[in-house]
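Fold and contact review
Residues per chain are reported as follows:
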Amino acid sequence: GVAAKLKTLGKPGARVGVLLPPSVGGVVANTALAVAQQVSVNLNFTASKDSVDFALKKCEATHIITSRLFLKKIEFPELPGMLFIEDLLKEITFKDKLKWGALATLVPQNIFLRRILKDRVERSDLATIIFSSGSTAEPKGVMLSHGNVASNIESLYQIFQLDRNDAVLGCLPFFHSFGYTATIWLPLLSGIRGTYHPNPVEAATIGEVAEKEKVTLLMSTPTFLLGYIRKCTAEQFKTLRFVIVGAEKLKDRIASSFVEKFGVMPMEGYGTTELSPVAMMNVPNFHDSMIQQTGHKPGTVGHPLPGVA
């Protein structure tokens, strides 16, 4: 229903800004844009207004999907062309929800997708533009296709071997490709649950959410892990199966402290925005009566993902 309304923003391939934190609203905005054949540009809400303006101008985006409550929280001004997710969701009637729910439940997937999309989305079509931090020069808009993102998810799915009992905690911002790929599209395309909290540094709340939602998969950075070690209890993280970290080197003392408290080894990986984003990752060691395979070596970034040479 939201996608149908967003289709009016422009022709297929139009760029649309998204200024939202990790949240259900942020997921709805990104997935609706993909279904509407528009290109999401998740904007860095921790950067200056000038950086946001630069990204919008570079992408020729004339609209931004955001939230009044979020704008107030981050003290960001309302701009021309803003669409508010609260208003978009209010326009979806109970009849709309009933219709789309029945279609999603009862209609075969290929027919359902044709019913929504009408025009086929190709793997080579642009899905999103994610801006680099600009640490070496002005930020660069990295253009990722549906195929780029989907292939990375297929590789991650093979590693994690997920099932319907799994749940991923999304607290990394969607303007980073790790947050975009692993916490929006991995759960949606793998059929697992996704639960969201807008701020990864609020360690106490992260612990509460992980316990309540029985989270099994956590994507993070070593710095954020320090906060969880200090403020979360072993009981809150008892359902974790995988903890994947990137963005900075994982120090031995952080890894050992996390294992000591929660009984789960953080697995370090490496990637870049241009690789959508994961290129390689440590995985648990495998042992049975005949085979021993080393998947994890501390101080390394691990094996290339399946499909990566």
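Our structure's up above, just so we're on the same page.
Rules of the game
- Position numbers for residues start from 1 in each chain and track the written sequence from start to end.
- For this predicted model, a pLDDT threshold of at least 70 governs which residues receive local features, and a threshold of 80 or more governs which side-chain atom pairs are given and counted, while totals over whole chains, interfaces and linings are taken from all residues.
- Side-chain metrics rest on all non-hydrogen atoms present in the structure, leaving aside hydrogens and water.
- Should DSSP find at least two bridges between two strands, the strands are taken to pair.
- Comment: elements are numbered from the N terminus, with helices defined as DSSP H or I runs of at least four residues and strands as E runs of at least two.
- Contacts: residue pairs with any heavy atoms within 4.5 Å of one another.
- Inter-axis angles, ranging from 0 to 180 degrees, are taken between N-to-C directions of lines fitted to C-alpha atoms, where helices are fitted over the stretch in contact.
- Any angle that is under 35 degrees is reported as roughly parallel, and any over 145 degrees as roughly antiparallel; angles of 65 to 115 degrees are reported as roughly perpendicular and all others as oblique.
- Ten residues, namely Ala, Val, Leu, Ile, Met, Phe, Trp, Tyr, Cys and Pro, are considered nonpolar, four, namely Asp, Glu, Lys and Arg, are considered charged, and the remaining ones, Gly among them, are considered polar.
- Each residue's exposure class comes from its accessible area (1.4 Å probe, protein chains only) as a fraction of the maximum for that residue type: buried when under 20%, exposed when over 50%, partly exposed otherwise.
- Clockwise travel from the first strand over the helix to the second, with the strands pointing away from the viewer, marks a crossover as right-handed.

**So, the sheet that holds strand β11 (residues 266-271)**
- With mixed pairing, seven strands are arranged side by side in an open sheet as β8-β7-β9-β10-β11-β12-β15. The open sheet has two free edges, formed respectively by β8 (193-196) and β15 (303-304), since each of these has just one partner strand.
- Direction of pairing for strand β10 (residues 242-245) relative to β11: parallel, over a ladder of three bridges. In the strand pairing of β11, V243 is matched with P266.
- Of the strands in this sheet, β7 (167-170), β8, β9 (217-220), β10 and β12 (278-281) touch helix α9 (residues 177-190), which is tilted by about 165° from β9.
- Along the sheet face, helix α11 (residues 222-231) touches β9, β10 and β11 and points at about 120° away from the line of β9.

**Considering the packing of helix α2 (residues 24-35) against α9**
- Axis separation between α2 and α9 bottoms out at 11 Å; the angle between their running directions is 70°. By the criterion of interaxial angle, the relationship of α2 to α9 is roughly perpendicular. Listed contacts from α9 to V27, N30, T31 and A34 of α2 are Y180, I184, W185 and L188.
- Per-class residue counts for the contact of α2 with α9 are six nonpolar, two polar and no charged.

**Considerations on α9**
- In terms of burial, α9 is a largely internal element, 12 of the 14 residues being buried.
- For α9, the complete set of buried residues consists of S177, F178, G179, Y180, T181, A182, T183, I184, W185, L186, P187 and S190.
- G191 sits one or two positions beyond α9 and adopts a positive phi of about 80°.

**Structural notes on unusual backbone geometry**
- The residue after S276, namely P277, is reached through a cis peptide bond having omega -5°.
- Note on placement: P277 falls in the loop between β11 and β12.
- Not every positive phi belongs to a glycine, and Q161 is a case in point at roughly 50°.
- If you check the backbone angles, A247 has positive phi at about 80° while not being a glycine.
- With respect to the secondary-structure elements, A247 resides in the loop between β10 and α12 (252-262).

**A look at the pairing of β10**
- Of the two faces of β10, the one carrying F242 and I244 and the one carrying V243 and V245 are both buried.
- In this structure, β9 lies alongside β10, joined through four bridges in parallel fashion. Looking at the pairing, S220 lines up with V245 of β10.
- Following the chain from β9 across α11 to the adjacent parallel β10, one finds a crossover that is right-handed.
- Each parallel crossover has a hand, and for β10 linked through α12 to β11 it is right-handed.

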